[in-house]
Amino acid sequence: QVDVVESGGGLVQAGGSLRLSCTASTRTFSRYDMGWFRQVPGKAREFVAGIKWSGLYKYYEDSVKGRFTISRDNVKNTVYLQMNSLGAEDTAVYYCAQGTVNDRGTSMSISSWGQGTQVTVSA
């Protein structure tokens, strides 16, 4: 059984920052790529960022490049998403994902999803 749990969401003013955390209860955490998706009501879930098992290769959706940073700590079985310069367009439920980043770094095949954490950016 794999349990993926996110935390760190909340309400923030435009221009502010948040850091999301995700912990996976697996004995082989370092074997998996990890990533983040987000979803707003009535829209499809979209890929935001991904990181290979080694932590050496990182991938970002175009709109978050230069603002968001994904990282991982394989000792703590934790992946992070540092989000800076937040705007209203970043408001969404953010989901942690465990699986495999595709060859182009544009999405992931999913082994396990987290439950989601709400990020709301106010004007």
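Conventions adopted
Residues numbered from 1 in each chain as written. Predicted model: local features only at pLDDT ≥ 70, side-chain atom pairs only at ≥ 80, totals over all residues. Heavy atoms only, no water. Core = buried A, V, L, I, M, F, W, Y, C linked by side-chain atoms within 4.5 Å. Buried < 20%, exposed > 50% of the residue type's maximum accessible area, 1.4 Å probe, protein only. Helix = DSSP H or I, 4+ residues; strand = E, 2+ residues; numbered from the N terminus. Phe/Tyr/Trp six-rings, centres within 6.5 Å; stacked < 30°, edge-to-face > 60°. Lys NZ or Arg CZ within 6 Å of the ring centre and 35° of its normal. Salt bridge = Lys/Arg side-chain N within 4 Å of Asp/Glu carboxyl O.

(A) Broad picture of the nonpolar core. With 25 residues, the main nonpolar core has Trp36, Phe68, Ile70, Val79, Leu81, Met83 and Tyr94 as its most contacted residues. When residues of this core are assigned to their parent elements, the largest contribution, 4 residues, is made by strand β3 (residues 18-24). Core analysis: the next-biggest nonpolar cluster, separate from the first, contains 5 residues, Phe47, Ala97, Val101 and Met108 among them.

(B) The packing of aromatic side chains, seen in detail. Enumeration according to the criterion identifies 3 aromatic pairs in this entry. Considering the side-chain rings of phenylalanine 37 and phenylalanine 47, the 5.6 Å spacing of their centres and the 75 degrees angle between planes classify their relative orientation as edge-to-face. Note that phenylalanine 37 is positioned in strand β4 (residues 33-39) and phenylalanine 47 in strand β5 (residues 46-51), a separation of 10 residues in sequence. Here the two residues phenylalanine 37 and phenylalanine 47 agree in accessibility, since each one is buried. Here the guanidinium or amino end of arginine 45 rests over the ring plane of tyrosine 95, the centre of that ring lying 3.6 Å away. Over the ring of tryptophan 113 we find arginine 45, and its NZ or CZ is 4.5 Å from the ring centre.

(C) Region of the structure containing the pattern of salt bridges. According to the stated counting rule, one finds 5 salt bridges in the structure shown. Across the pair lysine 52 and aspartate 33 runs a salt bridge whose closest N-O atoms are separated by 2.8 Å. Remark: aspartate 33 occurs in strand β4 and lysine 52 occurs in the loop between β5 and β6 (58-60); sequence separation between them is 19 residues. A salt bridge links aspartate 90 to arginine 67; the nearest nitrogen and oxygen atoms lie 2.8 Å apart. Here arginine 67 lies in the loop between β6 and β7 (68-73) and aspartate 90 lies in the loop between β8 (78-83) and β9 (92-101), a separation of 23 residues in the sequence. Note on arginine 67: relative accessible area 16%, which makes it buried. By sharing partners, the salt bridges in this structure join Arg38, Glu46, Arg67 and Asp90 into a single network.

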